[in-house]
Amino acid sequence: ETLFSGSYINIQPDINAEGKPQRHFIAVKEPPLSDQSAAGLHLTLVADTLGSLAKDAPVTYKQITVGHVYGFKYSDDNTKVEVGVYIDPEYAHLIKPQTRFWNASGIQITGSLTSGININTDTISSIISGGIAFDQPTSTSDSAPTGRKTGQHFILYHDYQSAEMGHDIELELNDVTTLDIGAAIRYQGLTVGKLV
């Protein structure tokens, strides 16, 4: 960008600040992840790896885009990747203390000869540029929203299965010789779970 416009200095004013005007500042090498004064909800998701996420990747709820990724960085403190996400103001009430986020990027294919093939995808844009999805476990869907608290941290799970959004059940079977770990659990032709 600066090849055409020349060097410049960016400033992010604090519109909520009070006090005396200031004339001396310390410049930082990297821009802040986002303008925290913007309306909406600013969250930090913590993950082991970034995966295929990119800046401006969509954040979806039930495959509806409700926000976007505005940046990411590596944290030396906890040796994790911190992903900054912004949730649009009209969807901020969907974020609750029990909300779970997972990486919905790309296409996930699992299966075997005995259990068949299972293909999981989210939206087209998340296949192309990566994406994050979220929801809350069914048992906590009626809990109160978090409110607008900038800087809240959530875990970013690797995928839907590792977010453990479903219910754990235990089955007693007489014969498991034809089953593999990852075998699909089906109800009326629909895959509703898997054997772990």
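All of the points below concern the structure found in this document. Worth saying up front: this structure is predicted, and the values here are computed from it rather than measured.

This next bit is on the nonpolar core. Among the nonpolar cores identified, the biggest contains 22 residues, and Val83, Phe101, Ile132 and Phe134 are the most heavily contacted of them. Residue assignment for this core shows that the elements contributing at least two residues are β1 (41-47), β2 (58-61), β3 (64-75), β4 (80-87), β8 (132-135) and β9 (152-157). Beyond its immediate sequence surroundings of up to four residues, Ile132 is in contact with Leu45, Leu53, Pro58, Val59, Thr60, Val69, Val83, Val85, Phe101, Trp102, Ala104 and Leu156.

Our next topic: the packing of aromatic side chains. All told, the structure shown has 3 aromatic pairs when counted by the stated rule. Between Phe101 and Phe134 the ring centres are 5.2 Å apart and the planes differ by 40°, which places this aromatic pair in the tilted class. Of the two residues, Phe101 is situated in strand β5 (residues 100-103) and Phe134 in strand β8; the sequence distance between them amounts to 33 residues. Its relative accessible area of 0% is what places Phe101 among the buried residues. By relative accessible area, Phe134 is classed as buried at 1%. In textbook terms, an aromatic cluster arises when at least three aromatic residues are bridged by ring pairs, as seen for Tyr61, Phe101, Phe134 and Phe154.

Where nonpolar side chains cluster on the molecular surface, the patch consists of Ile169, Leu171, Leu173, Val176, Leu179 and Leu195 and spans about 550 Å² of accessible area. On the secondary structure map, Leu173 appears in the loop between β9 and β10 (184-187).

A separate point is the pairing of β10. Regular strands place side chains that alternate from one sheet face to the opposite one. Pairing of β10 with strand β11 (residues 190-194), which is carried by 4 bridges, proceeds in the antiparallel orientation. Within β11, the residue paired with Ala184 across the bridge is Lys194. The hairpin turn running from β10 into β11, its antiparallel successor, is 2 residues long, and Gln188 in that turn takes a positive phi close to 50°.

With respect to burial, β1 is a largely interior element, 7 of its 7 residues being buried. Relative to β4, β1 runs antiparallel, the two being bridged by 7 bridges. Pairing of Leu45 across the sheet is with Val83, part of β4.

The next point concerns the sheet that holds β4. Around the barrel, 7 strands lie side by side as β1-β4-β3-β2-β8-β5-β9; this closed barrel has mixed pairing. Sheet twist, expressed as the mean angle between neighbouring strand axes with direction ignored, is 35°. Alignment of β2 against β3, held across 4 bridges, turns out to be antiparallel. Counted as the bridge partner of Val59 is Gly67 from β3.

Applying the stated rule across the entire model yields 2 salt bridges. Two residues, Lys80 and Asp48, come together in a salt bridge whose shortest N-O distance is 2.3 Å. With a gap of 32 residues between them, Lys80 in strand β4 and Asp48 in the loop between β1 and β2 connect regions that are remote in the sequence.

Rules of the game
- Residues numbered from 1 in each chain as written.
- Predicted model: local features only at pLDDT ≥ 70, side-chain atom pairs only at ≥ 80, totals over all residues.
- Heavy atoms only, no water.
- Core = buried A, V, L, I, M, F, W, Y, C linked by side-chain atoms within 4.5 Å.
- Buried < 20%, exposed > 50% of the residue type's maximum accessible area, 1.4 Å probe, protein only.
- Helix = DSSP H or I, 4+ residues; strand = E, 2+ residues; numbered from the N terminus.
- Contact = heavy atoms within 4.5 Å.
- Phe/Tyr/Trp six-rings, centres within 6.5 Å; stacked < 30°, edge-to-face > 60°.
- Patch = residues over 30% accessible without salt bridge, like charges linked within 9 Å, V, L, I, M, F, W, Y side chains within 5 Å.
- Areas by Shrake-Rupley, 256 points an atom, 1.4 Å probe, with all protein chains shown as cover.
- Salt bridge = Lys/Arg side-chain N within 4 Å of Asp/Glu carboxyl O.
- Pairing = 2+ DSSP bridges.
- Axes fitted to C-alpha atoms, helices over the stretch in contact; angles between N-to-C directions.

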